[in-house]
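# Analysis of the macromolecular model
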Amino acid sequence: SGCDRTLAAHAARLAASAASLLAADRPQAARACSEEALRVWPVLEDGFMQKARALDADGAVSTAPEPLQQLLTMRPRHEDSLAALLELQARGALSQEASTWLCHFRQRDSLPKGEGKNSASLGRDCEAAAQGVVGPDAFEDRPTEAYASWTVPAGVAARDVRVSFTPEHLTICIQGEVLFDSDLSQKVKPSECSWTFAPPDLSVQLAKCMACGAWPRWETLHRETEEERSER
């Protein structure tokens, strides 16, 4: 109807204003503008995109994925929102819950089904990543460093790998899928950590931090729960 067209056009102008405000480094005003656009026209795709960008620019990174998830739920083939989510994931900005959501979304809607080792392996790892831990296939504890490696499916290139280090957490994504997302056994020095990929082996080197004047021993890569520790 004519009324609907008027509302949709008004919402589009609000979303465009939000983009302009972001360009002018005014993320809070951009967020308000994008939220008003979505109030006027709740299915406006650009409204969701501008809201996510405004949240990210305003430092609310933990909530930035929400409008992108809403848009992908509504429009599963929306490439820009998927790309934005993958960028947040590559920066290590997704929570475990959001990473798991993205993992299952891509497994269901984006990855080919039943095409041999690549899809099957990533699907298996995706399910395990719901608990935050996959592998590693090999782990070695040394006095000042810890080493972990995974054998990844055929067809993966270095550009498909994203590794993020924080003092207490490691996140690894392969082709947008979460392979490992867990707190580490002990603290590390992110600036001295590194990773290498020589297909099919992905290797991670973790530089330990001293604890109470000594180098801690790592029994596992991830921080175990009491239950896991009692079962080992």
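Residues numbered from 1 in each chain as written. Predicted model: local features only at pLDDT ≥ 70, side-chain atom pairs only at ≥ 80, totals over all residues. Heavy atoms only, no water.

The next thing to look at is the confidence of the model for the chain. Considering every residue of the chain, the mean pLDDT works out to 84; 86% of them sit at 70 or more. The weakest mean pLDDT in the chain belongs to helix H7 (residues 117–129) at 47; the strongest belongs to helix H3 (residues 45–57) at 95. Overall, residues 126–132 carries pLDDT values under 50, and its contacts beyond four positions in sequence, including any with other chains, amount to 18 contacts. (pLDDT = per-residue confidence, 0-100. Helix = DSSP H or I, 4+ residues; strand = E, 2+ residues; numbered from the N terminus. Contact = heavy atoms within 4.5 Å.)

Before going further, it helps to spend a moment on the sheet that holds strand E5 (residues 177–183). Strand pairing in a sheet is mediated by backbone hydrogen bonds. Such pairs are either parallel or antiparallel. With respect to topology, 3 strands assemble into an open sheet ordered E3-E4-E5, the strand pairing being antiparallel. Pairing within the sheet leaves two strands with one partner each, and these edge strands are strand E3 (161–166) and E5. Here the strands of the sheet are splayed against their neighbours by 5° on average, with no regard to which way each runs. Sheet analysis places E3 next to strand E4 (residues 169–174), joined by 6 bridges and oriented antiparallel. Each residue of the ladder has a partner; that of threonine 166, found in E4, is histidine 169. (Pairing = 2+ DSSP bridges. Axes fitted to C-alpha atoms, helices over the stretch in contact; angles between N-to-C directions.)

So, on to the environment of valine 178. With respect to the helices, strands and loops of the structure, valine 178 is situated in strand E5. Given the relative accessible area of 3%, valine 178 is considered buried. C-alpha of valine 178 to C-alpha of cysteine 103: the two residues are 75 residues apart in sequence and 6.3 Å apart in space. (Buried < 20%, exposed > 50% of the residue type's maximum accessible area, 1.4 Å probe, protein only.)

Residue proline 200 is bonded to the preceding proline 199 through a cis peptide linkage, with omega at 10°. Looking at the secondary structure, you find proline 200 in the loop between strand E6 (194–198) and strand E7 (201–207). Positive phi, close to 55°, is recorded for cysteine 212, a residue that is not glycine.

With that out of the way, let us pick up the pattern of salt bridges. For the coordinates displayed, the defined rule picks out 10 salt bridges. One salt bridge connects arginine 31 with glutamate 35, and the closest N-O pair in it is separated by 3.2 Å. Taken together, the residues span about one helical turn, with arginine 31 and glutamate 35 both in helix H2 (residues 27–40) at a distance of 4 residues. With a closest N to O distance of 3.5 Å, glutamate 219 and arginine 217 form a salt bridge. Note on glutamate 219: relative accessible area 42%, which makes it partly exposed. Each of the salt bridges in this network shares a partner with another, and the network as a whole consists of Arg31, Glu35 and Lys51. (Salt bridge = Lys/Arg side-chain N within 4 Å of Asp/Glu carboxyl O.)

Okay, the nonpolar core next. Membership of the largest hydrophobic core comes to 29 residues, with the highest contact counts inside it found for Leu44, Leu68, Leu85, Leu88 and Leu94. Counting residues per element, the ones that place at least two in this core are helix H1 (2–23), H2, H3, helix H4 (65–74), helix H5 (79–90) and helix H6 (96–109). The contact partners of leucine 94, leaving out residues within four places of it in the chain, are Pro65, Leu85, Leu88, Gln89, Ser99 and Leu102. With 23 residues, the next largest nonpolar core counts Val152, Leu179, Leu206 and Leu221 among its residues. (Core = buried A, V, L, I, M, F, W, Y, C linked by side-chain atoms within 4.5 Å.)

This paragraph deals with H3. Under the 1.5 Å per step criterion, the end-to-end length of H3 is 19 Å for 13 residues, consistent within 8% with the ideal 18 Å. The complete set of buried residues in H3 reads Gly47, Phe48, Met49, Gln50, Lys51, Ala52, Ala54 and Leu55. Glycine 59 sits one or two positions beyond H3 and adopts a positive phi of about 90°. (Expected span 1.5 Å × (residues − 1).)

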